[in-house]
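Architecture at a glance
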Amino acid sequence: MRILVVSNLYPPVQAGGYEARCAATSEALRAWHDVHVLTSTRGRPHAPADPRIRRELPILRTGRSSIAIAPLASARAMKAMRKNLAEISPDLIFVWNGSGVPHAALQVAHESGIPVAYSVGEYWFGRLYEADAFARFLLPGRVGLRGAWARVARALNRLPALRVDPLSPARAAICWNSEATRRICGIPPMITPTHEVTIYPAVAAPELWSAVDRQPAAKPTIAYVGRVEPVKGPDVAYRALADLRDRHGVEARLVLAGSYSGSARAELDRLAVDLGISHLVELRGRLDPGEVARLLGEAHALVVPSVWEEPFGIVLLEAALARVPVVAARSGGMPEALREPSEALFFSIEDAAGCSDALAQTLGDPAGTQARVAAAYDRATSLSFDRYVAEMNQFVIDARESFDESGRKAVAR
């Protein structure tokens, strides 16, 4: 089967694990299929040339300034999609992340008659067209200044290069990365599913994490791995660290591995001073995978204090393979990655005291912690990358066939 993967970013241009998983999946599917990629122009001058990867879709940054150029970007995106569909002639269009990419391109995909499938690992899909800088002004209900621009947008939409219809019914197969994503995201009203399945992600390089040399530091050390930004809850980890000292009598270190902005660093530094923990926290910035593995080797626990609904949380599986105890917010799909309380300890979102209690239990109950670590390792091993690839391969086959099946049902009615 010839597959066209569509995503807003594609490695080495990426923002996080979603893009890395897209690339790993695309590469793995090449064992059975002819896989091509259509992604955005972002980072194109610095990306290595690869005839299978076309960096041609415009991408818009968030903010009001993008609205003025969105009609032109939409027309360019539609033209790029039509050109690539004609040149590649795929049997399946496999959309991963349309955030920032003009959704008009996805309408072209649906109108092409080629089966379309979505791999949904973030919540942008639930706001298909509604979150688009151009298409949302074609939807009813815009008033005031937005209504005025909506009238301009509708006038522009009459041009032959556009004619976007965000309410046009479409069919698609959908692969969710967790039941939580399915529940929170939902299916856009114009999409009729032809096939749905949930496939849990997997760690693409398990050998790195399972080979971690566990030599916990002399002082209790808590690791935080991920972007250091408000939605990831680093402030919750700071408050939990102070509470762990003040209420449980345990003075631990908190080491954060992840990129951060200057403003985020300044805010956390102020919080550390207020809590009296400046000497206990260390922001190491973004580390390469080997450095993260070494950090996990010296850590007594990994804390994942996200304050938004994480679609899944692959870092939990990485820690489980490294045999590091996990303490995480009961957020989104994370309790599906590792199950509570047998494989990890969880606390309510934004509950620093609950996080502190879970850390104290982890540090103070070696036998119970070791049992959870063993169970978590078994869980992460069962969610293997080979299992994931096999299920994704079956999904693209079923997705293609579901269009034939749904078409036959429509004719029968």
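Just so you know, the residues in each chain are numbered from 1, in the order the chain's sequence is written. In view of the model being predicted, local features appear only for residues whose pLDDT reaches at least 70, and side-chain atom pairs are presented and counted only at 80 or more, with totals across whole chains, interfaces and linings using the full set of residues. Each side-chain value is derived from all of the structure's non-hydrogen atoms; neither hydrogens nor water enter the calculation.

1. Topic: the overall build of the protein chain
- Runs of E in the DSSP output that reach at least two residues are strands. Runs of H or I that reach at least four are helices, and both are numbered from the N terminus. Looking only at helices and strands, the protein chain features 14 helices and 13 strands.
- Note on method: radius of gyration uses C-alpha positions; expected globular size equals 2.2 Å times residues raised to 0.38. Relative to its length of 413 residues, the protein chain is compact, with a C-alpha radius of gyration of 23 Å against a globular reference of 22 Å.
- The principal-axis extent of the C-alpha atoms belonging to the protein chain is close to 70 × 50 × 45 Å.
- Here's how the labels work: a residue is buried when its accessible area is under 20% of the maximum for its type, exposed when over 50%, partly exposed in between, all with a 1.4 Å probe on protein chains only. For the protein chain, with 413 residues in total, the buried portion stands at 53%.
- Contacts are residue-level and defined by heavy atoms, with any inter-residue pair within 4.5 Å sufficient. In the protein chain, of all internal contacts separated by at least 6 residues, the share reaching a separation of at least 24 is 71%.
- Working definition of accessibility: Shrake-Rupley area with a 1.4 Å probe, residue cover restricted to the visible protein chains. As displayed, the protein chain has an accessible area near 17900 Å², and 53% of this comes from carbon and sulfur atoms.
- Of the charged side chains in the protein chain, 48 are positive and 45 negative; the average position of the first set lies 8 Å away from that of the second. Just so you know, the count uses Lys and Arg for positive and Asp and Glu for negative, and it drops His and the chain ends. Taken as the charge centre is NZ of Lys, CZ of Arg, CG of Asp or CD of Glu, depending on the residue.

2. A few points about the nonpolar core
- One finds Val6, Phe94, Tyr118 and Phe395 to be the most contacted residues of the largest nonpolar core, which totals 74 residues.
- A total of 10 residues in this core trace back to one element, the largest contributor, which is helix H2 (residues 65–88).
- By convention a nonpolar core is built from buried Ala, Val, Leu, Ile, Met, Phe, Trp, Tyr and Cys residues, the set being connected through side-chain atoms within 4.5 Å. Counting 64 residues, the second-largest nonpolar core is a separate cluster that includes Val303, Val326, Ala344 and Ala376.

3. Some thoughts on the packing of aromatic side chains
- For this analysis, a ring pair means two rings from Phe, Tyr or Trp (six-membered ring only for Trp) whose centres lie within 6.5 Å, classed as stacked if their planes differ by under 30 degrees, edge-to-face if by over 60, and tilted for the remaining angles. Under the criterion given, the structure shown has 10 aromatic pairs.
- Taking 6.1 Å as the distance between ring centres and 50 degrees as the angle between the ring planes, the aromatic pair formed by Tyr118 and Trp124 counts as tilted.
- Under the relative-accessibility criterion, Tyr118 is labelled buried at 1%.
- By the ring-pair criterion, three or more aromatic residues cluster together here, those being Tyr18, Phe94, Trp96 and Phe395.
- Just above the ring of Tyr377 sits the side chain of Arg323; from NZ or CZ to the centre is 4.0 Å. Distance and angle both matter: a charge sits over a ring if NZ of Lys or CZ of Arg is within 6 Å of the ring centre and within 35 degrees of the ring normal.

4. Here we look at the sheet that holds strand E1 (residues 2–7)
- Spatial ordering of the open sheet is given by E3-E2-E1-E4-E5-E6-E7, a layout of 7 strands whose pairing is parallel. A single partner strand is all that each edge strand has here, and the edge strands are strand E3 (53–57) and strand E7 (191–198). The sheet shows a mean angle of 25 degrees between the axes of neighbouring strands, direction not considered.
- Here strand E6 (residues 170–176) pairs with E7 via 7 bridges, running parallel. Within E7, the residue paired with Arg171 across the bridge is Thr192.
- For helices, the axis comes from a line fit to the C-alpha atoms of the stretch in contact; other axes are also lines fit to C-alpha atoms, and the angle between any two N-to-C directions lies between 0 and 180 degrees. Against the sheet, helix H1 (residues 17–29) touches E1, strand E2 (34–40), strand E4 (92–97) and strand E5 (116–120), its axis set at about 155 degrees to E4.
- Relative to E3, H2 is tilted by about 150 degrees, and along the sheet it contacts E1, E2, E3 and E4. Between any two strands, at least two bridges found by DSSP are needed for them to pair.

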